[in-house]
Amino acid sequence: MSPPVKLLGTFSSGFSRRAEAALRLKGVPYELIQEDLSNKSELLLMHNPIHKKVPVLLHGDRAVCESLVIVEYIDEAFDGPPLLPIDPFDRATARFWARFIDDKCSTSFWLSLWTEGEVQKGFVKEFKQNLALLETQIKGKRFFGGDTVGYLDIAASGIAHWLPVFEEVASVRLVTDAEYPDLCRWAKEYTSHETIKESLPEREKLLAIFTAKKDFFMSTVKSMVPK
Amino acid sequence: MVPASASLHCHDTRSLTGTEAKMAEQVKLIGSSNSPFVHRAAVALRLKGVPYEFIREDMSNKSELLLKHNPVHKKVPVLLHGDRAVCESLVIVEYVDEAFDGGPPLLPADPYDRATARFWAHFLEEKCLKSLWPALWTEGEVQEAAMKEARENLALVEEQLREKRFFGGDSIGLADIAGAGLLGHWVGVLEEVAGVRVLSDKEHPALRRWAAEYLANEAVKECLPDRDQLLSHFSAIRDKCVSVAKSMLPK
């Protein structure tokens, strides 16, 4: 019998919820250990000494860190429907776009939310270009993974569920049905998916948490905006 | 399958036989001569014994071929396999490992070991490389802070390498391909051009040993640009290196 699975995570972290989505899709039972990131536990510091971040997957005596590394681990270590495609090229494509989302999209999105004036206009333009590229990837497909939810859908989950909440907190509207019909259609399908929706934090609670942290979010961009 | 030791660098049009039709389709690598990222892709192909045609790109005048096959980033390397284009060096390395049967696996078989390899490849790419650049090319207090971070990251890598020959175990794997060429060959050149020392025998003996083992590998040697060529290249673009480093800094 497989050793027990525990996940160190938080309520609101999209990265933490990626791991939960993967575990649920594979049908792997797990114990969620809620971390207080303002007061990190010994368990977290011991198992992720390098980054000291969530999520951390504990599988028996193994600790796996980094959300997308965890998703691939879950796919490979447990039986159940595959999260990554079978074909090597489709796998490479999924990995490429997941990196694109994490490296390009999320940064330009964050900077679009919390900057102002001309600087903000620049980041918004960049983010919209990134979104347009993602729109081409989902066009004509139910999910990024095809007929079933997969790795890239999980990687993009921030766009489906967290992005609209951030938009509301920042009073910025970036993703509209008119401009991104396929992405918006995907977001509805993804967030209403029977298994996925169980892994998502309630919107109203997220809104309350993020509203309370608005000043902090605005302060983070100061260290991010390049000279 | 043609052996890796054969000279297969450019314009090899030997036809391949094999049961796997996809594997037999022609492989091309679009790259530039001085890029450590292109080197990663080339190493993966050579370790797996995959013959390929190298298409040298002039990055100051990007070709239609590059722009067509990497419209998102417009960067090298790009791997062309039949009608497929794969971009991003570490994505290419995993693709080569999965699409071709020959040669030793570049990732281990065990899922946990694979996760560990991916973690360290990602660390070398995201943390080490990104902290090294400002450490080399900025000045004063800014450089001191960047250097401190770079050295902390390198110390973590050093610690890992005390216990292992390669991140991949006995043979070169994903994480080694991600970092050994950069830290063992390119960084020495960059240190010379920048006039800054980051690595030392005294502080990084395991790292030095690991890099030396990597650089001694035949497949690696075949696609490693000559040190003098690199020195000349980076000396010529020193100003650009400095401005890129500045653009990475916060306001």
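Before reading on, note that the structure itself is shown above.
Residues numbered from 1 in each chain as written. Chains lettered and ligands numbered in written order. Predicted model: local features only at pLDDT ≥ 70, side-chain atom pairs only at ≥ 80, totals over all residues. Heavy atoms only, no water.

**Some details on the pattern of salt bridges**
So, point 1. Here the structure, examined in full by the defined rule, presents 35 salt bridges over all chains.
So, point 2. Here E76(A) and R118(B) are joined by a salt bridge, their closest N and O atoms 3.2 Å apart. Of this pair, E76(A) sits in helix α3 (residues 67–77) while R118(B) is found in helix α5 (residues 111–137), placing the two residues in two different chains.
So, point 3. The exposure class of E76(A) is partly exposed, given its relative accessible area of 25%.
So, point 4. For E94(B), the salt bridge goes to R95(A), with nearest N and O atoms at 3.3 Å. One end of the pair, E94(B), is in helix α4 (residues 89–99); the other, R95(A), is in helix α4 (residues 88–114), on a second chain. The same class applies to E94(B) as to R95(A), namely buried. (Salt bridge = Lys/Arg side-chain N within 4 Å of Asp/Glu carboxyl O. Helix = DSSP H or I, 4+ residues; strand = E, 2+ residues; numbered from the N terminus. Buried < 20%, exposed > 50% of the residue type's maximum accessible area, 1.4 Å probe, protein only.)

**Quick word on the pairing of strand β3 (residues 56–59) of chain A**
Within a regular strand, side chains alternate between the sheet's two faces.
Residue and element names in this part refer to chain A.
So, point 1. Judged by which residues are buried, β3 turns out to be covered on both faces: V56 and L58 on one side and L57 and H59 on the other are all buried.
So, point 2. For strand β1 (residues 5–9) and β3, the ladder comprises four bridges, and the chain directions are antiparallel. Within β3, the position partnered with K6 by the bridge is L58.
So, point 3. Counted between consecutive antiparallel strands, the loop separating β3 from strand β4 (residues 62–65) contains two residues, among which G60 sits at a positive phi close to 65°. (Pairing = 2+ DSSP bridges.)

**Here we look at the interface of chain A and chain B**
So, point 1. In this complex, chain A contributes 31 residues to the contact, which on the side of chain B involves 32 residues.
So, point 2. Taken together, the connections running from chain A to chain B amount to eight salt bridges.
So, point 3. The salt bridge involving R95(A) is made with E98(B); its shortest N-O contact spans 3.1 Å.
So, point 4. Between the two partners, chain A and chain B, sit 10 residue pairs in polar contact (both at pLDDT 80 or more).
So, point 5. Mapped onto the side of chain A that touches chain B, the elements with two or more residues apiece are β4, α3 and α4 of chain A.
So, point 6. No other element matches the 11 residues that α4(A) contributes to the side of chain A that touches chain B. (Contact = heavy atoms within 4.5 Å. Polar contact = N/O pair within 3.5 Å; in protein donor to acceptor, adjacent residues only side chain to side chain.)

That's the geometry; what it means functionally is another story.
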